[in-house]
Amino acid sequence: MSRKIYQNLIDGEWVDSESGNTFENLNPADTREVIGTFQRSGRGDVERAVEAAKRAFHRWRLTPAPRRAEILLRATQLLEARKEEYARDMTREMGKVLQETRGDVQEAIDTGYYFAGEGRRLFGATTPSELPNKFAMTVRAPLGVCGMITPWNFPMAIPSWKLFPALVCGNTCVIKPAEDTPLSCTNLVRTLVDAGVPRGVVNLVTGPGSEVGTAITSHPDVRAVSFTGSTEVGRKVGEAAAGSFKHCSLEMGGKNPIIILDDANLDLALDGALWAGFGTSGQRCTAASRIIVQKGVYAEFLGRLVERAGTLRVGNGLDESTEMGPQINRQQVETSARYVEVGRKEGAKMLCGGERFGDDARRHGWFFQPTVFGEVERGMRIAQEEIFGPVVSVMACNDLDDAVAIANDVVYGLSSSIYTRDVNHAFRAMRDLHAGITYVNAPTIGAEVHLPFGGTKATGNGHREGGMGAIEFYTEWKTLYIDYSDRLQRAQIDRPE
Ligand code: NAD
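Residues numbered from 1 in each chain as written. Predicted model: local features only at pLDDT ≥ 70, side-chain atom pairs only at ≥ 80, totals over all residues. Heavy atoms only, no water.

Side note on the packing of helix 5 (residues 157-168) against helix 6 (residues 182-194)
For the record, the criterion: An axis is simply a line fitted to the C-alpha atoms; with a helix, the fit covers only the stretch in contact. Between two such axes, the angle follows the N-to-C directions and lies from 0 to 180 degrees. Runs of H or I in DSSP of at least four residues are treated as helices and runs of E of at least two as strands, each being numbered from the N terminus. With respect to orientation, any angle under 35 degrees is reported as roughly parallel, any angle over 145 as roughly antiparallel, any angle of 65 to 115 as roughly perpendicular, and every other angle as oblique. A crossing counts as left-handed when the near helix is turned anticlockwise from the far one by less than a right angle, and as right-handed when that turn is clockwise. Whether two residues are in contact is decided by their heavy atoms, any of which lying within 4.5 Å being enough. Under the scheme applied here, ten amino acids are nonpolar (Ala, Val, Leu, Ile, Met, Phe, Trp, Tyr, Cys and Pro), four are charged (Asp, Glu, Lys and Arg), and all others, including Gly, are polar.
Close contact between helix 5 and helix 6 brings their axes to 10 Å; oriented N to C, the two are set at 25 degrees. The angle between helix 5 and helix 6 falls in the class roughly parallel. With respect to the hand of their crossing, helix 5 and helix 6 are arranged in right-handed fashion. When helix 5 is examined against helix 6, the residues P159, S160, L163, F164 and L167 are found in contact with a partner set consisting of C185, L188, V189 and L192. Split into classes, the residues belonging to the contact of helix 5 with helix 6 amount to eight nonpolar, one polar and no charged.

Shown next, in the form of structure tokens:
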């Protein structure tokens, strides 16, 4: 079977990388399967893409926002029609189960509909002037060329969170997807092209972060960088962007807690913990990798969690009965295995899992067993560091105050959750958990696209994706004063009666 070759999109043309170099995209459930060959681009490709985006900006910013939105609407309708095909592509390149990849495409669809509506809003404000016969208002202006760098775990949803709001606001884009999942972003960009996005408005450049990513973050003509990925890389992106005063949005790692109090509905909490701990094989920025359980229900909860984790069906995500797929690549499996060792050495009790699956059906993929540690102490590395694998740490707490203190005692602050039937406990947790998102009686995952998404501390630098937060990021305010008095009026100095 001939291998499919995918190209960059630069200035409306599908093209090879300047160097002609390529890389292979492998199926993590069976690495013998090559999903496709993609362009291994470099700085020169980024420069051409930025040049094209700069040229396209002059017209795109003047295209009325409702017209821009119509293109987004058409793209979204195409995504809807292609949902199953793109979900299958995503499961093949990324590994997560079909139900989840359908959800990932659906998230892009929801985002498309939301921001298509924004084309007829993009509201500014009018406000009275302090002077007579003078009018004051604010309008939103686009930024120019926006660079976007995305991770592999939500390979279509995250690019859509960035592209759709940037485009409706009148910006042009250069996007670089993760090396492990370039196909889903290519599929998204293809729908925009098919929907009629003008040439140069969206450019796609695939390749390594060390070359394509750095070329974007250091390019003087890129006015904004939106990055989602690890905290380690995010720090570098932030530093590079600061050099030319780019707007810079960083969405990074997490170590998200679920608190389960004695008065919780334990069945519900158990379902939530399994979904948040092992969904996407623990490879979500919002995955619950710490479960903090009050002493009265700790033993019962832990026993039931271990039992359920041990029976999860782990396999190829294309099989509808599979509950958990593989990890993305060798490095992620090795990270999980390394943290299992760390946890053991630190004295935590490993209660199930802990190894790669070695049977015939799974030895060609990156499958790691659902793993649960009990007796985890808050200072242990497995309770502090992001593992990004199916490894869950269960910790005991005395009461709500103790639980919140443990929950907040990490460098990250993305998502958090509490299971309780006491409304007072719920409200105190909502107030005191230091995270961008708190769920009550629901797990740490489940964000909806019209609400702000992002985190505190080492998770983010204060911006939010989703809903209005994205519009704030992709525009800047212009303040307009219109004086129709026909004379010089001095603010603060002339003070009419
Ligand atoms: P990563 O940081 O390794 O890579 C992210 C992207 O950055 C990739 O496209 C990569 O090629 C690029 N990159 C690498 N080095 C670069 C550099 N020096 N300059 C510019 N770009 C560079 O992350 P990953 O492994 O793809 O994704 C997993 C991480 O993403 C986890 O830490 C997870 O928590 C985080 N994540 C966060 C969110 C969120 O919204 N907070 C969402 C999803 C994933």
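A few points about a nonpolar patch on the surface
Heads up, the rule is: Every patch collects residues that have over 30% relative accessible area and no salt bridge, joining them within 9 Å if they carry like charges and within 5 Å if they are nonpolar side chains (Val, Leu, Ile, Met, Phe, Trp, Tyr). Every accessible area reported is derived by Shrake-Rupley at a probe size of 1.4 Å, with residue values counting cover from the shown protein chains alone. Here, a salt bridge means any Lys or Arg side-chain nitrogen found within 4 Å of an Asp or Glu carboxyl oxygen. Per-residue accessibility, obtained with a 1.4 Å probe over protein chains only, is compared with the maximum for each type, and a residue is labelled buried under 20%, exposed over 50%, and partly exposed between these values.
Residues V423, F427, M430 and V440 make up a contiguous nonpolar surface patch of about 360 Å² in total accessible area. Take the nonpolar patch: its biggest share by element is three residues, from helix 14 (residues 423-432). Within the secondary structure, M430 is located in helix 14. The partly exposed category is assigned to M430, whose relative accessible area is 38%.

Some details on the sheet that holds strand 16 (residues 391-397)
Our working definition: Strand pairing is assigned whenever DSSP identifies at least 2 bridges connecting the two strands.
One open sheet holds the seven strands; their spatial order is 14-15-16-13-12-18-19, and the pairing between them is mixed. Where the open sheet ends on each side, the last strands, each with one partner, are strand 14 (349-352) and strand 19 (437-440). The mean angle between the axes of side-by-side strands here comes to 20 degrees, regardless of whether they run parallel or antiparallel. Relative to strand 15 (residues 371-374), strand 14 runs antiparallel, the two sharing three bridges. Each bridged residue has a counterpart across the sheet, and for K349 the counterpart in strand 15 is G374. Contacts from helix 9 (residues 266-278) reach strand 12 (256-260), strand 13 (288-294), strand 15, strand 16 and strand 18 (415-419) within the one sheet, and its direction differs from that of strand 12 by about 170 degrees.

A word on the site of the ligand
Threshold: The rule for a residue being near a molecule or strand is that one of its heavy atoms must lie within 4 Å of it. Distance and chemistry together define a polar contact, namely a pair of N or O atoms within 3.5 Å, with one atom able to donate a hydrogen and the other to accept it when in protein, and with adjacent residues in sequence counting only for side-chain atoms on both sides. Residue ranges labeled as domains rest on an automatic or database domain assignment.
T150, E179, S230, M252 and E386 are the nearest of the 27 residues found near the ligand. Between an oxygen atom of the ligand and a side-chain N or O atom of W152, the distance comes to 2.9 Å. The separation between an oxygen atom of the ligand and a polar side-chain atom of S230 is 2.6 Å. Summarising the interface, the protein chains cover 89% of the accessible area of the ligand, which totals 860 Å² for the free molecule. Residue contributions to the shell around the ligand peak at three residues, all from helix 7 (residues 209-217). Looking at the shell around the ligand, you find at least three residues from each of domain 1 (8-252 + 460-480) and domain 2 (257-440).

Quick word on the pattern of salt bridges
Inspection of every chain in the model, using the stated rule, returns 33 salt bridges. Here D11 and R55 are joined by a salt bridge, their closest N and O atoms 3.0 Å apart. One end of the pair, D11, is in the loop between strand 1 (8-10) and strand 2 (13-15); the other, R55, is in helix 1 (residues 43-60), and 44 residues separate them in sequence. R55 sits in the partly exposed class, given a relative accessible area of 46%. Two residues, R92 and D89, come together in a salt bridge whose shortest N-O distance is 3.5 Å. Highlighted residues: R92 and D89, both in helix 3 (residues 83-94), separated by three residues, approximately one helical turn. Linked by salt bridges that have partners in common, D11, E13, R55 and R199 make up one network.

Structural notes on the domain arrangement of the protein chain
Let me state the cut-off plainly: The term buried area refers to how much accessible surface (probe radius 1.4 Å) is lost by two components on association, counted for both of them together.
Examined at the domain level, the protein chain breaks down into domain 1 (8-252 + 460-480) and domain 2 (257-440). For domain 1 versus domain 2, the separation of C-alpha centres amounts to 31 Å. At the interface, 24 residues of domain 1 touch 26 residues of domain 2. In this assembly, domain 1 packs against domain 2 so that about 2100 Å² is buried in total across both faces, 59% of it on carbon and sulfur atoms. Considering only the surface of domain 1 that becomes buried against domain 2, A29, E100 and W152 emerge as the three largest contributors, covering 25% of it. Across the contact surface, domain 1 and domain 2 share two salt bridges. R102 is the partner of E320 in a salt bridge, and the nearest nitrogen-oxygen pair spans 2.9 Å. Here domain 1 is connected to domain 2 by eight residue pairs in polar contact (both at pLDDT 80 or more). The biggest single contributor to the side of domain 1 that touches domain 2 is helix 3, with five residues. Of the residues belonging to the side of domain 1 that touches domain 2, the class tally is eight nonpolar, six polar and ten charged.

Considering the environment of V105
Of note, V105 is situated in helix 4 (residues 98-118). Relative accessible area serves as the criterion here: at 0%, V105 is assigned to the buried category. Taking the C-alpha atoms as reference points, V105 and E84, 21 residues apart in sequence, are found 8.6 Å from one another. For V105, the contacting residues outside a window of four places in its chain are L79, K83, Y86, A87, M90 and M156.

Quick word on the packing of helix 5 against helix 15 (residues 467-474)
At a minimum axis distance of 9 Å, the contact between helix 5 and helix 15 shows a crossing angle of 60 degrees. By the angle between their axes, helix 5 is oblique relative to helix 15. Crossing of helix 5 over helix 15 shows right-handed handedness. Of the residues in helix 15, those in contact with K162, P165, A166 and V168 of helix 5 are A470, I471 and Y474.

Side note on the side chain of Q39
Considering the arrangement of structural elements, one finds Q39 in strand 4 (residues 30-39). Reaching out from Q39, the side chain makes a polar contact with the backbone nitrogen of S17 at a distance of 2.8 Å. Excluding residues that lie within four positions of it along the chain, Q39 makes contacts with I5, Y6, Q7, N8, V15, D16, S17, N21, T22, F23, T206 and G207.

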